[in-house]
Amino acid sequence: NYQLIHLSTGDMFRYNMKNGTELGKLAKTYTEKGHLVPDSVTNEMLKDEVNRRLEKKPKGFIFDGYPRTKDQAEVLTDFLKEKGMQINAMVALEVDDEVLVKRLLERGKSSGRADDANEAVIRERIAEYYRKTDILKEYYQAEDKYYGVDGVGSIEDITKRLSGVIDKL
Ligand code: AMP
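The notes below deal with the structure included here. (Residues numbered from 1 in each chain as written. Predicted model: local features only at pLDDT ≥ 70, side-chain atom pairs only at ≥ 80, totals over all residues. Heavy atoms only, no water.)

**A word on the overall build of the protein**
Stage number 1. Looking only at helices and strands, one finds eight helices and four strands in the protein.
Stage number 2. Going from the N terminus to the C terminus, the protein shows its helices and strands as β-α-α-α-β-α-β-α-α-α-β-α.
Stage number 3. Compactness check: the protein gives a C-alpha radius of gyration of 16 Å against a globular reference of 15 Å for 169 residues, within 12% of the reference.
Stage number 4. For the protein, the spread of C-alpha atoms along the three principal axes comes to 40 × 40 × 30 Å.
Stage number 5. Scored against the burial criterion, the 169 residues of the protein give a buried share of 33%.
Stage number 6. On the protein, roughly 10,800 Å² of surface is accessible, and the fraction owed to carbon and sulfur atoms is 50%.
Stage number 7. Between the centroid of the 29 positive side chains of the protein and the centroid of its 31 negative side chains there is a distance of 4 Å. (Helix = DSSP H or I, 4+ residues; strand = E, 2+ residues; numbered from the N terminus. Rg over C-alpha atoms; globule rule 2.2 N^0.38 Å. Buried < 20%, exposed > 50% of the residue type's maximum accessible area, 1.4 Å probe, protein only. Areas by Shrake-Rupley, 256 points an atom, 1.4 Å probe, with all protein chains shown as cover. Lys, Arg positive; Asp, Glu negative; His and termini not counted. Charge placed at Lys NZ, Arg CZ, Asp CG, Glu CD.)

Have a look at this one:
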């Protein structure tokens, strides 16, 4: 709809894990425990991918699952500034933790993702979120860029809510 390039750091790690690259082997030691991959690794991977995609002069990007720590957010801000770009919005799908646990267990039946299969790992991912990612709400609120979207409902309704935010931007 918006001709933005969708970049998911989770997809990038899964691609590397599937192909058994050194990056994939390293990432696996963290993802299988429900922990975040270290910032230095994640930031370099993301920057390389953005640089590669910029060659085609896209209108912009949707970063999915990135940034997930304050350090990542700061690195991203500086990196985009160097390129003459900026973050316009952080769009967060808001869903209660217990609903998330149920959803991820359900997704685990078909996703083949080791980190979806086990409730203990799912709960560790949520704990990791509160330890490292939750702070980004305040970080982007301070810049007036935080948009919370109710993530409970039908896919169609949630899509409308997300489009509503992006249309206003
Ligand atoms: P996701 O598909 O976004 O849920 O990501 C799956 C897993 O990949 C996460 O649990 C982390 O281990 C790793 N990962 C994805 N994005 C990041 C990120 N921005 N920073 C660190 N680790 C990440």
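**So, the site of the ligand**
Stage number 1. The ligand sits among 16 residues. The nearest are Thr9, Arg14, His35, Arg68 and Gln72.
Stage number 2. Here threonine 9 contributes a side-chain N or O atom positioned 2.8 Å from a nitrogen atom of the ligand.
Stage number 3. In the model, a nitrogen atom of the ligand is placed 2.9 Å from a nitrogen or oxygen of the glycine 65 main chain.
Stage number 4. The element contributing the most residues to the shell around the ligand is helix α1 (residues 9-18), with four residues.
Stage number 5. Considering only residue class, the shell around the ligand consists of four nonpolar, seven polar and five charged. (Near = heavy atom within 4 Å. Polar contact = N/O pair within 3.5 Å; in protein donor to acceptor, adjacent residues only side chain to side chain. Nonpolar A, V, L, I, M, F, W, Y, C, P; charged D, E, K, R; others polar.)

**Focus: the nonpolar core**
Stage number 1. If you look at the biggest cluster of nonpolar residues, it comprises 23 residues, and the most contacted ones within it are Leu7, Leu46, Val50, Phe63, Leu76 and Tyr140.
Stage number 2. The set of elements that each furnish at least two residues to this core consists of β1 (5-8), α1, α3 (39-54), β2 (61-64), α4 (70-82) and α7 (135-141).
Stage number 3. Not counting chain neighbours up to four residues away, the residues in contact with leucine 7 comprise Met12, Leu46, Glu49, Val50, Arg53, Phe61, Ile62, Phe63 and Asp64. (Core = buried A, V, L, I, M, F, W, Y, C linked by side-chain atoms within 4.5 Å. Contact = heavy atoms within 4.5 Å.)

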